[in-house]
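Breakdown of the fold
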Amino acid sequence: MVRPERRTRTDLAVVALIVGAVLAGSAVLWFNSDARATVSEPAAQPIPELPAATAVPETLSEAWRATSPVTPVPVVAGAGVVTGAGNEVSGHDPLTGQVVWRYARDIPLCTVGAEWNRAIAVYRKSENCSEVTSLRGATGVRGPQRNADAEFGTQLLGDGTYVTATGKSSFESWRSDLVRTQQFGMPPAVKNPDNNMKRPDCTYSSIAVGDERVGAVEACPREQGRITVLKAHPEEDEKPEEIFSVVLGSESAGVIAVNDKHVAVVLRDRSEVVVYNNDGAVENTFPVRVGTPDLRANVQVESTSKGGRIYWHTGTDTVALDPETLAPLWTTPDTLGPGVGFGGKLLVPVTEGLAVLDALTGNRERVIPVDRAGYTGPVQLNAVGPVLLEQRGDALVALR
């Protein structure tokens, strides 16, 4: 029989020191980890889906409101309404405004967007907006996460398949698992000397997305503006794939809309919209009345696609564009934002409230009064079920 190994007091003391050191090291790692710095409180029950509105009500009044300075437009993710303030993302019941889930970090938010029925929260580090987390809209349960190269001031633009994080020096696109599919420009951490760029000295003043493409207005040395259209998912994410790129001859341009055949660009110094085809040739031009755009939404201009139409706010008027040709269909003057489809009509924000329009013709049928308590700035709309949402500056307001 083998005699058991004898352990001395010294052996036991050494073991105790090793165990203590391991526990102390683990405690230090946990204390400094993202896990300790994260608060994740999913919903006890998923937010129920609401049926779409079947008609436009005669009256509307404020049902609830929340502070949401980091959302440029009302964010609807699945069944939930999502707000962001400080370092916290909140998921609200659309009917009551009750916070049913929350997610927070010990670093500030840059922005919050939505795609794939998930909220996408982008958090700020010292050099950029690099911490990205997706959250299920109905529950707040965490999904894919990534580290990004997004800039301060970034906004998230979705085309139904990809999300693009905007930036003045670079922008990038992600698929639903948050894997990056393309990066354009000069990010903070450059892997290649010129990042495979044809024009490494350019910056980007306006970006729009659509049909798995990204359109960007470039400001380049010795040029008067340039429009470039790229694939959101090229063969290699470090090799941008351009559809076309042409000089605009304007230093005050903004990209309005992009599809698989055309891109529309507003030349504000000419009060004109120019539509290009995939060869970079001009297919159409039309005059517009332009004003000061809401820079919080889509960089320079706002556009929303509802019911197969594109509604663009010029800064003064709302213009409906044909979804195929991007040609103008009608214009309604003196509006505060692009509008939203609701109950078979188009609702457009105006000074007195919400104008009810025929979506096919643009004919104004009536105006629903809305008391905005003195707020007169741009208004971004969204809807979930029977609830209308207005983003008024830093405030999100639900109307019923």
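In this report, the structure presented in the accompanying data block is examined. Given the structure is predicted, the values throughout are model-derived calculations rather than measurements.

Conventions adopted
- Residues numbered from 1 in each chain as written.
- Predicted model: local features only at pLDDT ≥ 70, side-chain atom pairs only at ≥ 80, totals over all residues.
- Heavy atoms only, no water.
- Helix = DSSP H or I, 4+ residues; strand = E, 2+ residues; numbered from the N terminus.
- Buried < 20%, exposed > 50% of the residue type's maximum accessible area, 1.4 Å probe, protein only.
- Contact = heavy atoms within 4.5 Å.
- Salt bridge = Lys/Arg side-chain N within 4 Å of Asp/Glu carboxyl O.
- Disulfide = S-S within 2.5 Å.
- Pairing = 2+ DSSP bridges.
- Polar contact = N/O pair within 3.5 Å; in protein donor to acceptor, adjacent residues only side chain to side chain.
- Axes fitted to C-alpha atoms, helices over the stretch in contact; angles between N-to-C directions.
- Core = buried A, V, L, I, M, F, W, Y, C linked by side-chain atoms within 4.5 Å.

Regarding the overall build of the protein
Looking only at helices and strands, the protein has one helix and 33 strands in total. Of all 400 residues assigned to the protein, the portion counted as buried reaches 50%. Within the protein, contacts between residues separated by at least 24 positions form 48% of all contacts whose residues are at least 6 apart in sequence.

Considering the pattern of salt bridges
All told, the structure shown has 20 salt bridges when counted by the stated rule. A salt bridge links Arg102 to Glu41; the shortest N-O distance between them is 3.0 Å. With Arg102 in strand β6 (residues 99–104) and Glu41 in strand β1 (residues 39–41), this residue pair connects regions lying 61 residues apart in the sequence. Exposure remark for Glu41: the relative accessible area of 38% places this residue in the partly exposed category. Linking Glu365 and Lys345 is a salt bridge whose minimum nitrogen-to-oxygen distance equals 2.9 Å. In this pair, Glu365 sits in strand β30 (residues 364–369) while Lys345 sits in strand β28 (residues 345–350), placing the two residues 20 residues apart along the sequence. According to the relative accessible area criterion, Glu365 is partly exposed, its value standing at 42%. Within the structure, one salt-bridge network assembled from shared partners comprises Lys198, Arg199, Glu218 and Glu242.

Some remarks on the state of the cysteines
Here the structure, examined in full by the defined rule, presents two disulfides. Here Cys110 connects covalently by a disulfide to Cys129, the sulfurs 2.0 Å from one another. Between Cys110 and Cys129, the S-S dihedral sits near -90°, and the bridge is therefore left-handed. Within this pair, whereas Cys110 is found in strand β7 (residues 109–115), its partner Cys129 is found in strand β9 (residues 129–136), the two being separated by 19 residues in sequence. Judged by its relative accessible area of 17%, Cys110 falls in the buried class. Between the sulfur atoms of Cys202 and its disulfide mate Cys220 the distance is 2.0 Å. With the S-S dihedral at roughly 115°, the linkage between Cys202 and Cys220 falls on the right-handed side. Note that Cys202 is positioned in the loop between β14 (180–185) and β15 (203–210) and Cys220 in the loop between β16 (213–219) and β17 (226–231), a separation of 18 residues in sequence. Taken individually, Cys202 and Cys220 each receive the classification buried, so the pair is uniform in this respect. Here the disulfide map of the protein reads 1-2, 3-4, the bonded cysteines being numbered as they appear in the sequence.

Digging into the pairing of β28
Burial analysis of β28 places five of its six residues in the buried class, which makes it a mostly covered element. Sheet topology places strand β27 (residues 340–342) next to β28; three bridges connect them, and they run antiparallel. The residue bridging Gly341 from the neighbouring strand is Leu346, located in β28. Following β27, the chain reverses through two residues before pairing antiparallel with β28; Gly343 in that reversal takes a positive phi of roughly 60°. In this structure, β28 lies alongside strand β29 (residues 353–357), joined through five bridges in antiparallel fashion. The residue bridging Leu346 from the neighbouring strand is Leu357, located in β29. The antiparallel hairpin formed by β28 and β29 contains two residues in its connecting segment.

What about the environment of Thr154?
Mapped onto the elements of the fold, Thr154 is located in the loop between β10 (142–150) and β11 (156–158). Residue Thr154 is classed as buried on the basis of its relative accessible area, which comes to 3%. Thr154 sits 32 residues away from Val122 along the chain, and the two C-alpha atoms are 8.9 Å apart. Setting aside anything within four residues of it in sequence, one finds Thr154 in contact with Thr111, Cys129, Ala165 and Thr166. Within polar-contact distance, the side chain of Thr154 engages the backbone oxygen of Thr166 at 2.7 Å.

Observations concerning the sheet that holds strand β4 (residues 80–85)
Sheet architecture is open: five strands sit in the order β1-β6-β5-β4-β3, paired in antiparallel fashion. Two strands bound the open sheet, and with one partner strand each, they are β1 and β3 (75–77). Within the sheet, the average angular offset between the axes of one strand and its neighbour, ignoring direction, is 30°. Two elements, β1 and β6, share three bridges in a ladder whose sense is antiparallel. Looking across to β6, one finds that Glu41 is bridged to Arg102.

A closer look at the nonpolar core
Val82, Val89, Trp101, Leu109 and Tyr123 are the most contacted members of the largest nonpolar core, which has 17 residues in total. Looking at this core, the elements that each hand over two or more residues are β3, β6, β7 and β8 (118–123). Of all the elements, β8 adds the most residues to this core, at three residues. When near neighbours in sequence (up to four residues on either side) are disregarded, Leu109 contacts Val70, Gly84, Ala85, Gly86, Asn87, Glu88, Val89, Ala121, Val122 and Tyr123.

What about the side chain of Arg199?
Among the secondary structure elements, Arg199 is positioned in the loop between β14 and β15. In this structure Arg199 comes out as buried when scored by relative accessible area, which is 14%. Setting aside anything within four residues of it in sequence, one finds Arg199 in contact with Phe184, Glu218, Cys220, Arg226, Thr228, Glu242 and Ser245.

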